[in-house]
Amino acid sequence: MSFQVEITPENKVYGKTPLLTDNVMHYCPGCSHGTIHKLVAEVIEEMGLQDKTIGVSPVGCSVFAYNYIHIDWIQAAHGRACAVATAAKRLTPEKMVFTYQGDGDLSAIGTAESIHACNRGENIVVIYVNNAIYGMTGGQMAPTTLLGMKTATSPAGREAAIHGYPYKIAEIVSMLDGVCYVTRQSVQSPAAARKAKKALRQAFENAMAGKGLSFVEMVSSCNSGWKQSPVDANKWMEENMFPFYKLGDIKVATEPKEA
Amino acid sequence: MEEIKLIKGNEAVAEGAIRSGCDGYFGYPITPQSEVLETLMELRPWESTGMVVVQAESEVSSINMVYGGAACGKRVMTSSSSPGVSLMAEGLSYLAGAELPCLVVNVQRGGPGLGTIQPSQADYFQAVKGTAHGDFKMIVLAPNSVQEMYDHVFDGFDLAFKYRIPVMMLSDGIIGQMMEKVVMTRQRPRWTKEEVSQISDSWATLGKHAGREKNVITSLELDSQIMEKRNEHLQAKYRKIEAAEVRFEESQMEDAEYVVVAFGSSARIASEAVSMARAAGMKVGLLRPITLWPFPTKRIEELAGRVKGFLVPELNAGQMVEDVRLAVNGKVPVWHYGRMGGMIYSPEDIFNELKNNAR
Ligand SMILES: Cc1ncc(C[n+]2csc(CCOP(=O)(O)OP(=O)(O)O)c2C)c(N)n1
Ligand code: SF4
Ligand SMILES: [Mg+2]
């Protein structure tokens, strides 16, 4: 039996934002990165910021983010996205500048750049994709890797005595006066993705209003790195990541910090 | 009316930045160059020209801020001293790989390690050959006066944008810290938004508009065939620069039998030594490379065909001397004379070296 859909405007239930390119994404099926890209592209389009936005892509699986959204991009050295974005925003304050970084990029090698951009209150958005692992280099332990979690460099599971503890950089930056908004979201379900998109929009609005730095963490799955099927990975994330990386707003400052 | 000031070399860099239309300076304190950032913070150019000045949390951050600013088509710069420049290595490689224009000033101190805050020329290799990973070059300018530290800011930005390449001003603690008269004849405003767009819209991240595809600043290319092409493109650009941008200065070369080759502060000391040698009846000339890369290889090759030898005094263990030897190619003797660790030779020391070797 064949089933044919007539493609007409009335039948249209979903459209890809034209801001997403037609390039086939290199992400593993089931990876959160692709969904987050889509949300970012939609927010930029809905806010009409496509000719004003500069994205800063990291070193990590999302290094090629620049292949997927039709805006100008700067590819930054591993960990340095926040420094790159600082200058881009300071020198072109009329622009919308955001970084898109993994947990290794932002909270290991780039800790200093990230914390200090937050502390200076740069008017940028930081999108932090925390999948508790180094996806790109083949699944090594990240600072965010949960205790007991097996990775290529913690094959017996992360042990606090050897590797220290997983850390929550969102909570750390929320203590800094330059940061106006910190939230932790996820995209494993349509409902979660809708919430995450709202948070992104809030962050982009903050940056354009000059309220300081907005930090949006996306707790994400890396099914390849975790060596699970996409469905199992999402289940594992809900059962193991969410209890530790609790979803929801961490800081919402309504007024900009006094100059 | 001409603007003239009596200032330190480091202050001249700050004054030069503001007057050369620089859009952004990003730096981190380190002796002996901290006056650059201090002077800029004192002068508050964001209130006059609109130039942005940021004290970064490290030199790693400074150079990556430079990368971000340069990506936006702006005239941006940083300054530091030796250990700080080492921290910038990866960033400089990215800047070169992504073909971004910028100016980096190194006011050298002695090493290795934390070394000393006293002056040195021990970062010649780093500036000219071994800056960081990958095959790349920076144009390297070597000022020998406070005036040149001012002027090289202008020249640095011009060359950086002409070739879309990082330019390094390789100064040292002597010139950075000494005070001299600076004539600020050269002055120009910052580029307007329209000018930036005219100059850089074909490659910079000025915001994607309907008139063009998105611009992406990146040094990444996973396809080796394309990556080799990118390398070949860089190398072709470097050959062009070697053909067009060599700068040097000579004195008393017409009848010279021996040539002293020295750069930066060493050239100041050497020029005194050459006068002493002339007074003693020795036929000695001075060649001062102003660009360390591209190096005046051709000129030295020519001279090697007619003189009896070269003396290369440097405040290091022997670095530029290797490039002189490559140019001379064994035709005549080449001697190195150096002091290290912040020690400085006197004109008499160099004169004695000449007397002992030139016979
Ligand atoms: C200076 C430097 N060190 C190490 C690397 C290798 N490297 C590339 S990506 C990466 C980790 C990325 O992990 P993460 O930021 O969590 O991103 P993910 O791939 O998980 O999205 C590392 C260590 C590099 N490219 N540069
Ligand atoms: S390795 Fe992990 S983070 Fe990278 S694309 Fe695959 S699933 Fe996504
Ligand atoms: Mg990761």
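Quantities reported herein were computed from a predicted structural model and do not represent experimental measurements. (Residues numbered from 1 in each chain as written. Chains lettered and ligands numbered in written order. Predicted model: local features only at pLDDT ≥ 70, side-chain atom pairs only at ≥ 80, totals over all residues. Heavy atoms only, no water.)

A.B. asks: Honestly, the pairing of strand β7 (residues 179–186) of chain A in this entry has me stumped. Any pointers?
C.D. replies: Looking down a regular strand, the side chains alternate between one sheet face and the other. Residue and element names in this part refer to chain A. The buried count for β7 comes to eight of eight residues, which makes it a mostly enclosed element. Where β7 and strand β8 (residues 213–219) come together, seven bridges link them in parallel fashion. Paired with T183 across the strands is V216, a residue of β8. Taken together, β7, helix α7 (residues 190–208) and β8 constitute a β-α-β crossover, and its handedness is right-handed. Relative to strand β9 (residues 248–252), β7 is paired through four bridges, and the arrangement is antiparallel. When the sheet's bridge partners are listed, R184 is paired in β9 with G248. (Buried < 20%, exposed > 50% of the residue type's maximum accessible area, 1.4 Å probe, protein only. Helix = DSSP H or I, 4+ residues; strand = E, 2+ residues; numbered from the N terminus. Pairing = 2+ DSSP bridges. Right-handed = clockwise from strand over helix to strand, strands pointing away.)

A.B. asks: Could you clarify how one ought to interpret the coordination of the magnesium ion (ligand 3) in this entry?
C.D. replies: Working reference: metal with six octahedral donors, ideal angles 90 or 180 degrees; metal with four tetrahedral donors, ideal angle 109.5 degrees. Residue and element names in this part refer to chain A. Coordination of the magnesium ion (ligand 3) by the protein is provided by D103 (OD), N131 (OD1) and I133 (O), with metal-donor distances spanning 2.1 to 2.2 Å. Binding-site remark: the magnesium ion (ligand 3) is held by donors from one chain whose sequence spacing is D-x27-N-x1-I. On the criterion of sequence distance, the pair formed by D103 in helix α3 (residues 103–109) and I133 in strand β5 (residues 133–134) is long-range, its members being 30 residues apart. We classify D103 as buried; its relative accessible area is 1%. (Donors = N, O, S within 2.8 Å, 3.2 Å for Na, K, Ca; no water.)

A.B. asks: Please explain the site of ligand 1 as it appears in this structure.
C.D. replies: As a matter of local geometry, ligand 1 sits amid 17 residues, with A:C61, A:D103, A:G104, A:D105 and A:G135 nearest to it. Of the chains in the model, those with residues near ligand 1 are chains A and B. Contacts to ligand 1 include A:H33, whose side-chain N or O atom sits 2.9 Å from an oxygen atom. With respect to ligand 1, the backbone of A:G104 contributes an N or O atom lying 2.8 Å from an oxygen atom. When ligand 1 sits alone it has 590 Å² of accessible area, and the protein chains cover 77% of it. For the shell around ligand 1, the secondary structure elements donating two or more residues are α3 and β5 of chain A. Broken down by element, the residue count for the shell around ligand 1 peaks at four residues, all from α3(A). (Near = heavy atom within 4 Å. Polar contact = N/O pair within 3.5 Å; in protein donor to acceptor, adjacent residues only side chain to side chain. Areas by Shrake-Rupley, 256 points an atom, 1.4 Å probe, with all protein chains shown as cover.)

Note that every value here comes from positions in space, so none of it alone points to a role or purpose.
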